[in-house]
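These are the residues of each chain, in order.
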Amino acid sequence: MSTISLKIEFGGGLELLFSNQRSHRVTIPALVPASGSSGDSSSGEEAAKKPADLSYLISWLKDHLLKERAELFVENGTVRPGILVLVNDADWELEGEGDYQLKDGDEIVFISTLHGG
Amino acid sequence: MSCGNPVAGADALMQRRKKYDKTKNCLKCKVAQGNLVIRHAVYCKDCFLPLVVHKFRRALEPTVNPTPDGPRRTALKPAGNLLVGFSGGLGSSVLLDLVHRCYVALDKSTMPADGGRDHPRHERVWKKVTVCYVEVCDAFPGMKDRTDEIAQAVKRYDELDFMPLRIQDAFDRSWWERIGGRPLPSELGVSLVDEALLLESLSSPAGDPLGSLRTYLSSLPTPTAVTTSVQTLTRLLLLHTALQTGSSHLVLGTSLTSLAVSLISGVTQGAGYNIREEVQEEWTPEPEACASPDGPQPEDEGTRKRKAGKRTVRVVRPLRDIGMKECAAWAWWARVPIVGKEKWGWAGAKPGIGTLTKDFIVGLEKDYPSTVSTIVRTCGKLAPKGKVSGRCILCGRPAQRGVQEWKSRISIRSQPAPPSLTTASADYASVPTAAAVSDLLRPSLTPYLCYACHTTLTSKSARPVPSPWPEAAQSPVVTLPVWTEARLSSAQGGDTEVAHVHGEIMQTRRVGQDEMKGIVDEFLLDD
């Protein structure tokens with residue numbers, strides 16, 4: 001499959017940054033540029049590809065779904081401190097954090113502990 | 001793959017250090033795969049949820065009975081009702097949920113598995129549980145009023161009373177009288193223009209509470225002072241509401257993370273003396289502040305003791321062993337909706353000490369999670385030195401004896417030296433009761449304040465600080481919170497015995513420039 005379909009949920013107030021919508025369904029490419037940018041690969045030489053991982057998803061969400069205040073979601077290329085990430089109901093720290101390779105049908109939850117509290 | 005491995009390519013990265021110890025299986029049941037990592041320990045959902053309940057009960061239940069439990073666990077019989085301080089944030093939402101499950105709904109899944117004497121009876125521990133919310137939106141420009149949303153969130157839980165307050169109630173004399181406070185006769189305010197904190201009569205009668213609040217906040221020297229003051233006002237409003245509702249206990253949703261923030265932030269602002277109170281405290285209102293409509297009545301020892309007991313509020317933070325991350329996981333898995341809190345700020349204001357500390361601690365929790373609990377554990381080992389000298393008139397916490405004397409010894413004061421004065425002739429202790437106040441020693445708020453509150457009111461920024469309410473009346477003399485006014489007016493009165501808050505006679509002597517130079521002369525460097 002060239003794309004991966006994911007269910008994304010936002011909690012703890014983060015939904016306010018994403019059109020005030022808690023639940024989203026997104027489709028992202030299965031293979032993405034190895035450099036980590038979520039933009040389209042530039043023309044010309046073939047860029048190295050890697051399977052889409054959580055780091056890619058985070059920057060994809062920032063570029064495509066986030067409506068405002070990017071600094072409340074991302075910082076230094078990853079989610080801002082104070083945001084809990086669950087992958088299929090498990091802490092992303094158990095799955096290698098940003099390096100976790102996404103699979104079709106995964107459910108990713110982002111819960112803010114900050115402006116929610 | 002290690003750095004020293006010659007086989008690895010030039011781009012080989014050091015393997016990322018695991019965020020958890022040993023395996024991905026639950027540390028407790030050892031069977032299920034883990035769902036959450038807490039400070040390097042892995043737990044599955046089924047073990048995590050009861051663990052949170054256990055930590056909550058462990059932090060709260062030993063504080064329920066008026067005297068701490070002995071070696072034999074006795075039934076929980078608090079002296080009064082329970083007040084839950086609710087801010088809409090993550091911690092207080094989780095707290096409310098746990099309080100309701102454990103003590104109102106009597107959710108069986110939260111009960112200890114074993115029966116016996118420890119097993120909850122059918123009768124409730126708390127006869128009445130009230131949820132108090134203090135709306136602070138009027139203190140900060142552009143902030144949304146969340147009272148209705150909060151009311152809806154609390155309504156989800158049955159059998160809870162809801163009591164909404166507004167932050168400006170702290171300046172509302174009618175609120176003060178409604179909760180049983182003595183009517184305030186005088187119109188005293190304080191000048192926040194300089195460090196002297198002189199008490200003066202208000203030029204016009206105290207305006208509406210909202211105006212008084214905004215003028216007070218606008219007169220504070222720094223954004224840090226504004227944030228700290230709003231927090232102090234909120235805490236005192238909750239304490240007085242606890243009295244009003246006959247509550248012997250006030251519980252707050254301070255998580256382990258938030259506690260680390262408030263401990264460090266408090267110490268940096270000079271509140272180290274009250275480091276223990278920041279975790280747990282017993283608060284009693286000042287007697288002269290309270291109205292006694294029935295007048296003195298013959299009482300037996302038991303009644304007096306019971307009454308005295310009722311008028312003490314124990315402030316407990318049952319989530320103090322539960323980190324922010326654990327609260328978020330609980331809120332998600334237990335489906336607790338979070339209303340949320342807005343950031344406190346206004347145009348042009350730089351982040352204060354509280355905000356900076358929170359950013360730092362939250363960052364620490366992500367990268368070095370164990371350090372946050374180390375901060376709280378270490379602060380718990382501290383026992384401040386120095387004798388207590390009454391309670392601060394602003395924040396209600398024990399004040400350390402001798403702070404003003406120490407401050408004058410070590411700091412460079414900005415007050416200009418007045419024209420040649422020798423020792424003041426008036427005895428300072430007689431100032432509150434003497435009809436004629438010496439011109440040299442005008443009444444000041446300073447002797448009634450603890451070190452932290454004095455610093456909050458006087459520690460100025462080097463640069464001009466934008467006011468949150470520039471259009472608020474810039475009055476040189478501002479109204480004080482009602483509980484402060486109550487104590488001041490009682491101190492000014494002649495019929496009751498005056499106990500100077502520091503229990504000592506302080507004499508302030510203004511020193512001429514020549515005398516000051518004489519003292520430091522031998523230490524001055526030659527140009």
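Our structure is the block above this text.
Per chain, residues are indexed from 1 in the order of the written sequence. All chains are assigned letters beginning at A, and all ligands numbers beginning at 1, according to the order in which they are written. Totals for whole chains, interfaces and linings use every residue, but because this is a predicted model, local features are given only for residues with pLDDT of at least 70 and side-chain atom pairs only at 80 or more, for both listing and counting. As a rule here, side-chain values come from all non-hydrogen atoms in the structure, and water together with hydrogens is ignored.

Caption draft 1: Layout of the sheet that holds strand E7 (residues 199–201) of chain B. Residues and elements named next belong to chain B. At least two bridges found by DSSP between two strands is the condition for calling them paired. Starting at the N terminus, helices and strands are each numbered in turn, a helix being any DSSP run of H or I of at least four residues and a strand any DSSP run of E of at least two. Taken together, the 3 strands give an open sheet; going across it, the order is E7-E6-E13, and neighbouring strands pair in antiparallel fashion. Because the sheet does not close on itself, it has two edges, and the strands there are E7 and strand E13 (477–479). Here the average twist between neighbouring strands, direction ignored, is 50°. As paired elements, strand E6 (residues 188–191) and E13 share 3 bridges and run antiparallel to each other. The residue bridging Gly 189 from the neighbouring strand is Thr 479, located in E13. Axis definition: a line fit to C-alpha positions, over the contact stretch in the case of helices; interaxial angles, taken between N-to-C directions, run 0 to 180 degrees.

Caption draft 2: Molecular detail of the pattern of salt bridges. Within this document, salt bridges are pairs made up of a side-chain nitrogen of Lys or Arg and a carboxyl oxygen of Asp or Glu, the two lying within 4 Å of each other. Enumeration according to the criterion identifies 29 salt bridges over all chains in this entry. Here Arg69(A) ties to Glu71(A) by a salt bridge, and the two come within 2.9 Å at their closest N and O atoms. The salt bridge partner of Asp89(A) is Lys45(B), with a shortest N-O separation of 2.8 Å. In this pair, Asp89(A) is assigned in the loop between strand E7 (83–87) and strand E8 (90–91) and Lys45(B) in helix H1 (residues 45–60), connecting two distinct chains.

Caption draft 3: Broad picture of the pairing of strand E10 (residues 313–316) of chain B. All names here are of chain B. Taking every second residue as pointing to the same face, both faces of E10 are buried, with Val 313 and Val 315 on one and Arg 314 and Val 316 on the other. Of the pairings in the sheet, the one linking strand E8 (residues 247–252) to E10 comprises 3 bridges and is parallel in character. Counterpart to His 249 in the pairing with E10 is Arg 314. Pairing geometry for strand E9 (residues 281–283) and E10, over 3 bridges, is antiparallel. Bridge pairing links Glu 281 to Val 315 in E10. Relative accessibility decides the category of a residue: with a 1.4 Å probe and only protein chains considered, values under 20% of the type maximum give buried, values over 50% give exposed, and everything between is partly exposed.

Caption draft 4: View of the packing of aromatic side chains. Note on aromatic pairs: the rings of Phe, Tyr and Trp (six-membered ring only in Trp) are paired at centre separations within 6.5 Å, and the planes decide the class, stacked below 30 degrees, edge-to-face beyond 60, tilted for the rest. As enumerated under the stated definition, the model contains 12 aromatic pairs over all chains in all. Note on Phe10(A) and Phe110(A): the rings are 5.7 Å apart at their centroids and 25° apart in plane angle, and the pair reads as stacked. With Phe10(A) in strand E1 (residues 3–11) and Phe110(A) in strand E9 (residues 107–112), this residue pair connects regions lying 100 residues apart in the sequence. In terms of burial, Phe10(A) and Phe110(A) fall into one category: buried. Relative to Trp346(B), the ring of Phe140(B) has its centre 6.2 Å away and its plane inclined at 25°; by these criteria the two rings are stacked.

Caption draft 5: Spotlight on the nonpolar core. Residues and elements named next belong to chain B. Counting residues in each nonpolar core, the largest one holds 60 residues, and the members touching the most others are Ile 167, Tyr 216, Leu 445, Leu 449, Leu 457 and Trp 483. The greatest single-element share of this core, amounting to 10 residues, is contributed by helix H6 (residues 223–244). For this analysis, residues touch if any pair of their heavy atoms sits within 4.5 Å. Discounting chain neighbours no more than four positions away, the residues touching Leu 445 are Val 190, Leu 197, Leu 199, Ile 393, Leu 457, Leu 480, Thr 484 and Leu 488. What makes a nonpolar core is a set of buried Ala, Val, Leu, Ile, Met, Phe, Trp, Tyr and Cys residues whose side-chain atoms join them at distances within 4.5 Å. In terms of nonpolar packing, the next biggest core, distinct from the first, is built from 56 residues, Leu 60, Cys 327, Ala 328 and Val 336 among them.

Caption draft 6: A look at the side chain of Asn35(B). You can see Asn35(B) is positioned in the segment before strand E1 (36–38). When sequence neighbours within four positions are dropped, the list of residues in contact with Asn35(B) reads Asp89(A), Ala90(A), Asp91(A), Leu94(A), Tyr43(B), Cys44(B), Lys45(B) and Trp333(B).

Caption draft 7: Molecular detail of the interface of chain B and chain A. Contacts between the two partners involve 28 residues from chain B, matched on the other side by 26 residues from chain A. Taken over both partners, the interface formed by chain B and chain A buries close to 2,300 Å², and the fraction arising from carbon and sulfur atoms is 57%. Note that Glu95(A) is salt-bridged to Lys24(B), the shortest N-O span being 3.5 Å. Here a polar contact is taken to be a pair of N or O atoms separated by no more than 3.5 Å, where protein atoms must pair a possible hydrogen donor with a possible acceptor and residues adjacent in sequence count only if both atoms sit in side chains. On inspection of chain B and its partner chain A, the count reaches 9 residue pairs in polar contact (both at pLDDT 80 or more). In short, buried area is how much 1.4 Å probe accessible area vanishes from two parts on joining, totalled over both.

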